[in-house]
Amino acid sequence: MNNEIEISKNTMIVSETDTKGIITYANNDFCEIAGFTKDELIGQPHNILRHQDMPKSAFKDLWEKVKNNQTWNGIVKNRCKNGDYYWVNALVYSVEKMGRKRYISVRVKPTKEEITNSIKLYKKLKVKEI
Ligand SMILES: Cc1cc2nc3c(=O)[nH]c(=O)nc-3n(C[C@H](O)[C@H](O)[C@H](O)COP(=O)(O)O)c2cc1C
């Protein structure tokens, strides 16, 4: 509980959502790292992973970008089912699948520097939220 899970450089966490952020696909790396089964993830809102240290503005920016068909890239701290957490470098973009809009996220291991910078930035942004 509350421990950092360091993802390996070979890990690629992929998920897909509908336009409301409901998970429609999760790959094996996603399930393994976050500690959920596919059944527990599919049909759930993506904020199932939301970590309290993440500022609201990061996700506001993400949603604005993908809704406008722009790609969002950011460093995200996510919560595992058991309360542990992991950092990812995430890319989020929209696709058209059989006439329906879907959002895809692909996440890889961030650098130590990206994590350190994000910790500092997100702390500042969280203070502003209160
Ligand atoms: C494709 C996609 C992937 C997302 N991945 C994550 C994620 O890994 N972690 C996370 O906390 N939110 C993720 N989100 C954002 C959530 O939908 C949500 O906006 C965020 O967790 C904040 O929760 P809230 O909107 O209830 O405040 C993702 C959204 C999309 C469209």
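Worth saying up front: this structure is predicted, and the values here are computed from it rather than measured. Per chain, residues are indexed from 1 in the order of the written sequence. Given that the model is predicted, a residue must reach a pLDDT of at least 70 before its local features are reported, and side-chain atom pairs must reach 80 or more before they are shown or counted; all residues, however, enter totals for whole chains, interfaces and linings. Heavy atoms throughout the structure, all of them, feed into the side-chain values; hydrogens and water do not.

*Asks:* Describe the side chain of T17, naming the residues involved and giving the relevant values.
*Replies:* For helices the rule is a DSSP run of H or I covering at least 4 residues; for strands it is a run of E covering at least 2, with both sets numbered from the N terminus onward. Here T17 shows up in strand 1 (residues 13-17). The buried label goes to any residue with under 20% of its type's maximum accessible area, the exposed label to any with over 50%, and the partly exposed label to all in between, with areas taken from a 1.4 Å probe on protein chains only. The exposure class of T17 is buried, given its relative accessible area of 6%. Here a residue-residue contact requires only that any non-hydrogen atoms of the pair lie within 4.5 Å. With near-sequence residues (within four places) excluded, T17 lies in contact with I22, I23, T24, H46, R102 and Y103.

*Asks:* Which residues make up the side chain of D84, and what are the values?
*Replies:* Relative to the assigned elements, D84 resides in the loop between strand 3 (72-79) and strand 4 (85-97). For the buried D84, which has no salt bridge, the nearest side chain bearing the opposite charge is R79, at an N-O separation of 8.9 Å. At 2.9 Å, the side chain of D84 forms a polar contact with the backbone nitrogen of N3. Beyond its immediate chain neighbours, meaning those up to four positions away, D84 contacts M1, N2, N3, I5, N78 and R79. By the counting scheme adopted, Arg and Lys are positive, Glu and Asp are negative, and His together with the chain ends is not counted. When a carboxyl oxygen of Asp or Glu lies within 4 Å of a side-chain nitrogen of Lys or Arg, that pair is called a salt bridge. The term polar contact refers here to a pair of N or O atoms within 3.5 Å; inside protein, the definition further demands a hydrogen-donor-capable atom paired with an acceptor-capable atom, and it admits residues adjacent in sequence only when both atoms are side-chain atoms.

*Asks:* Give a detailed account of helix 3 (residues 56-67), specifying residues and quantitative values.
*Replies:* Working rule for helices: expected span equals 1.5 Å times residues minus one. The end-to-end C-alpha distance of helix 3 is 17 Å, a good match for the 16 Å that twelve residues give at a rise of 1.5 Å each. Listed as buried for helix 3 are A58, L62 and V66. All buried residues of helix 3 fall inside an arc of 55° around its axis, so they share one side. Among the exposed residues of helix 3, those oriented more than 90 degrees off its buried face are K56, K60 and K67. Residues of helix 3 that are buried in the fold lie against strand 3, strand 4 and strand 5 (100-108). Within two residues after helix 3, N69 carries a phi angle of roughly 60°, on the positive side. An arc is given here, and it is the one of the directions from the helix axis to the C-beta atoms.

*Asks:* For the site of the ligand, give the residues involved together with the corresponding values.
*Replies:* Put simply, a residue is near a molecule or strand once any heavy atom of it comes within 4 Å of that molecule or strand. Among the 14 residues in the neighbourhood of the ligand, the closest are listed as N47, R50, W63, N78 and R107. The side chain of N47 places a nitrogen or oxygen atom 2.7 Å from an oxygen atom of the ligand. Between the ligand and R107 there is a distance of 3.1 Å, counted from a nitrogen atom to a side-chain nitrogen or oxygen. If you list the elements that add at least two residues to the shell around the ligand, you get helix 3 and strand 5. Here the element with the most residues in the shell around the ligand is strand 5; it accounts for four residues.

*Asks:* Give me the state of the cysteines: which residues, what numbers.
*Replies:* Throughout, disulfides are identified as pairs of cysteine sulfur atoms within 2.5 Å of each other. Using the criterion set out here, one finds zero disulfides in the structure. The thiol of C31 is not disulfide-bonded; the next cysteine sulfur, from C80, is found 12 Å away. Overall, C31 belongs to the buried group, its relative accessible area being 12%.

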